[in-house]
Amino acid sequence: MLTNPTFWLAAGCFLLGWCVFVLAARRKKRALLRLKTAAQQGDSAAQIELGQRYYRGKGGVAQDDYEAFICFKSAAKSGAAEAQVALAALYHAGRGCARNDKETFRWYQAAAEQGNYEGKINLIMCHLKGIGTRENPQEAFRLAVLAADAGSPFAQLMVGDFYAYGTGTAQDKNKAERYYLLAATHGEPHARKRLGKLAGIPERHDILN
């Protein structure tokens, strides 16, 4: 068997594969070490990347909400809007930290003020549902209109809902239809379903009586 060339070929392929595996593992380990070093030195992009790895339990690290929280918080404090949104979500869910609606609102607002889309949408929901701030459907409506007019299809859908049900503004089905059509034109998948339901929504005074 030892003189069989097929055996030596198979053994050589095995050893080659093993060497490739070991080298790849070492490269990944070195890359992770560099990422951690950059994060520790205050690189916000590295902190976000490392935070995402801890949050998902991928990229060479075990899933750890607390470590994700630490990474996102460091990047959020340096002004990274993506990290601010992630940090707000962790505060709202109480993952890696105690649930804190005021901090949720604070960081969504910080991201929204930088023009971050997710920050804007979630800030609207905070005002609408009273998360970390007083419930204020009028402010939620105002912010939704701003985001909708800036071209956000989901915000256009939200404005349609506000007008359809008279939330934060006077009920106006014509304006609701206009915003639903705008959202549909921009590819929002739920807009056409909303249009179909619009005729069946009772008038505001019927809801109140």
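Figured I'd write up the structure that's included with this text.

This brings us to helix H3 (residues 65–77). The end-to-end C-alpha distance of H3, which contains 13 residues, comes to 18 Å, matching closely the 18 Å that a straight helix rising 1.5 Å per residue would cover. All buried positions along H3 are accounted for by Asp 65, Ala 68, Phe 69, Cys 71, Phe 72, Ala 75 and Ala 76. Between the side-chain oxygen of the N-cap and the backbone nitrogen of Tyr 66 there are 3.0 Å, and the N-cap of H3 in question is Asp 64. Downstream of H3 by a residue or two, Gly 79 has a phi angle that is positive, lying close to 105 degrees.

Below, the discussion takes up the pattern of salt bridges. In the structure shown here, the tally under the stated rule is 7 salt bridges. The residue Asp 101 makes a salt bridge to Arg 99 at a minimum N-O spacing of 3.2 Å. For Asp 101, a relative accessible area of 27% gives the class partly exposed. Where Glu 139 meets Arg 142, a salt bridge forms, and the shortest distance between an N and an O atom there is 2.7 Å. Pair noted here: Glu 139 and Arg 142 are both in helix H7 (residues 137–149), with a separation of 3 residues, about one helical turn.

Here helix H5 (residues 101–113) crosses helix H6 (residues 117–129) at 140 degrees, and the two axes come no closer than 8 Å. In terms of orientation, H5 and H6 fall into the oblique class. With respect to the hand of their crossing, H5 and H6 are arranged in left-handed fashion. Contact residues: H5 offers Phe 105, Tyr 108, Gln 109, Ala 111 and Ala 112, while H6 offers Gly 119, Lys 120, Asn 122, Leu 123, Cys 126 and His 127. Here the contact of H5 with H6 is composed, by residue class, of 6 nonpolar, 4 polar and 1 charged.

With respect to the secondary-structure elements, Phe 154 resides in helix H8 (residues 153–165). Once the C-alpha coordinates of Phe 154 and His 190 are considered, the two residues, 36 residues apart in sequence, prove to be 9.0 Å apart. Contact partners of Phe 154, with chain neighbours within four places excluded, come to Tyr 117, Ile 121 and Glu 188.

Here is what the cut-offs are and how they apply
Residues numbered from 1 in each chain as written. Predicted model: local features only at pLDDT ≥ 70, side-chain atom pairs only at ≥ 80, totals over all residues. Heavy atoms only, no water. Helix = DSSP H or I, 4+ residues; strand = E, 2+ residues; numbered from the N terminus. Expected span 1.5 Å × (residues − 1). Buried < 20%, exposed > 50% of the residue type's maximum accessible area, 1.4 Å probe, protein only. Polar contact = N/O pair within 3.5 Å; in protein donor to acceptor, adjacent residues only side chain to side chain. Salt bridge = Lys/Arg side-chain N within 4 Å of Asp/Glu carboxyl O. Axes fitted to C-alpha atoms, helices over the stretch in contact; angles between N-to-C directions. Parallel < 35°, antiparallel > 145°, perpendicular 65-115°, else oblique. Left-handed = near helix turned anticlockwise from the far one by under 90°. Contact = heavy atoms within 4.5 Å. Nonpolar A, V, L, I, M, F, W, Y, C, P; charged D, E, K, R; others polar.

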